[in-house]
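Here is what each chain is made of, one letter per residue.
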Amino acid sequence: MATPESKQLALQEKDLGNAAYKKKDFETALQHYRTALTHDPTDITFHNNIAAVYFEQKEFKKCIEECEKAVEVGRENRADYKLIAKAFTRTGNAYRKLEDYKSAKTYFEKSLSEHRTPEVKSLLSDTEKKIKEMERLAYIDPSKAEEEKEKGNEYFKQGDYSTAVKHYSEAIKRNPDDAKLYSNRAACYTKLAAFDLGLKDCETCCRLDETFIKGWIRKGKILQVMQKSSEALTAYQKALEIDPNNAEALEGYRACTMAVHADPKEVWKKAMNDPEVQQILKDPAMRVILEQMQNDPKAVQEHLKNPQVASKIQKLLESGIIQIY
């Protein structure tokens, strides 16, 4: 057991070590912390401080070893649970630096079992996300994705759409950046009448590859079935930008144009249920612009030069509120 005198000497050495640490003179800090331990080997703080120096020096394995000694000394001498938690947290941070996230997770959990703090909870949550992402990336294998896609294609041909979905889903996990896989699964969802899921896959498909015409056409068809003709019209327009002569896109575009403008009352009713349309029509500046366009059709060309105004006019066109000839 350390005597009162030796404890006092130990604290003096710790203060000298802290002063050196603040100046980033880590070797001097180490000497003082080690000397403090010779005076009082029962104090967990000195081990924690030595571990902190090793961490700053990027000696992460030494840091972990010192933290283990800190916990051992702390347990033997009934140290404050907060100090033990501190050692566990530093161990976790050292493992994070070594990119051993599973070990880091273990030590953050140990720290929280001693003393719960928002900081460590955040570290644990972030580490768990990193583990999940690493597992996701490790699972990616384009060749296996291709195998699963072929299986999905076979089941799709047989009319077993539920099984096809499973294989396409596995293919997506194996290669999540392949736009065609989402398009294939959207086709299955359409056959299963799961239009919301199909639409979501089409949106992902089009985001990953804006030039993949099948994705836009499939999106247009789903929106047609969902009776969202104005949105379907936009999807077909995108498809026609890629290939102006595509028969499916042209047919869908014509059908949607007729549907949008078939019943003016219905068009107005649907449009006014759209919060975005309501906001545009309430905008005093837009009301002035729309009045100008009505009195002078040529004015629209000038207003379309402004990207913000152009997007609002496009929205009103899609909703059927206005028409430009």
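See the structure printed just above.
Now for a quick tour of the structure.

Reading guide: rules and limits
Residues numbered from 1 in each chain as written. Predicted model: local features only at pLDDT ≥ 70, side-chain atom pairs only at ≥ 80, totals over all residues. Heavy atoms only, no water. Helix = DSSP H or I, 4+ residues; strand = E, 2+ residues; numbered from the N terminus. Buried < 20%, exposed > 50% of the residue type's maximum accessible area, 1.4 Å probe, protein only. Areas by Shrake-Rupley, 256 points an atom, 1.4 Å probe, with all protein chains shown as cover. Axes fitted to C-alpha atoms, helices over the stretch in contact; angles between N-to-C directions. Parallel < 35°, antiparallel > 145°, perpendicular 65-115°, else oblique. Contact = heavy atoms within 4.5 Å. Nonpolar A, V, L, I, M, F, W, Y, C, P; charged D, E, K, R; others polar. Salt bridge = Lys/Arg side-chain N within 4 Å of Asp/Glu carboxyl O. Phe/Tyr/Trp six-rings, centres within 6.5 Å; stacked < 30°, edge-to-face > 60°. Lys NZ or Arg CZ within 6 Å of the ring centre and 35° of its normal.

### Structural notes on the overall build of the protein
In step 1: In terms of helices and strands, the protein carries 19 helices and 0 strands.
In step 2: The principal-axis extents of the C-alpha atoms in the protein amount to approximately 95 × 55 × 30 Å.
In step 3: The buried share of the protein, taken over its 325 residues, is 42%.
In step 4: Accessible surface for the protein amounts to roughly 19600 Å². Of this, 50% is attributable to carbon and sulfur atoms.

### Overview of the packing of helix 3 (residues 44–56) against helix 4 (residues 60–76)
In step 1: Packing of helix 3 against helix 4 brings their axes to within 8 Å, and their N-to-C directions diverge by 170°. In this view, helix 3 runs roughly antiparallel relative to helix 4, as classed from their interaxial angle. Here I44, H47, N48, I50, A51, Y54 and F55 of helix 3 lie close against helix 4, whose contacting residues are F60, K62, C63, E66, C67, K69, A70, V73 and G74.
In step 2: Along the lines of polarity and charge, the residues of the contact of helix 3 with helix 4 split into 10 nonpolar, 3 polar and 3 charged.

### Let's talk about the environment of V120
In step 1: Within the fold, V120 resides in helix 7 (residues 118–139).
In step 2: For V120, the contacting residues outside a window of four places in its chain are T89, F108, S111 and L112.

### Quick word on the pattern of salt bridges
In step 1: Taken as a whole, this structure holds 15 salt bridges when the rule is applied.
In step 2: Put simply, E146 and K149 hold a salt bridge, and the shortest N to O gap is 3.4 Å. Here E146 pairs with K149, and both are found in helix 8 (residues 142–158), just 3 residues apart, close to one helical turn.
In step 3: Here the salt bridges share partners, and the residues they tie into one network are D274, E276 and K315.

### So, the packing of aromatic side chains
In step 1: Applying the stated criterion across every chain yields a total of 5 aromatic pairs.
In step 2: Arranged with centres 5.6 Å apart and planes meeting at 65°, the rings of Y21 and F26 form a pair that is edge-to-face.
In step 3: On the basis of relative accessible area, Y21 is assigned to the partly exposed category, the value being 26%.
In step 4: Look at F156 and Y161: their rings are 5.2 Å apart centre to centre, the planes differ by 65°, and that puts the pair in the edge-to-face class.
In step 5: With a relative accessible area of 26%, F156 lands in the partly exposed category.
In step 6: The rings of F88, Y95 and Y107 are connected pair by pair, giving a single aromatic cluster.
In step 7: The ring of Y139 carries R174 above its face, with NZ or CZ at 3.6 Å from the centroid.

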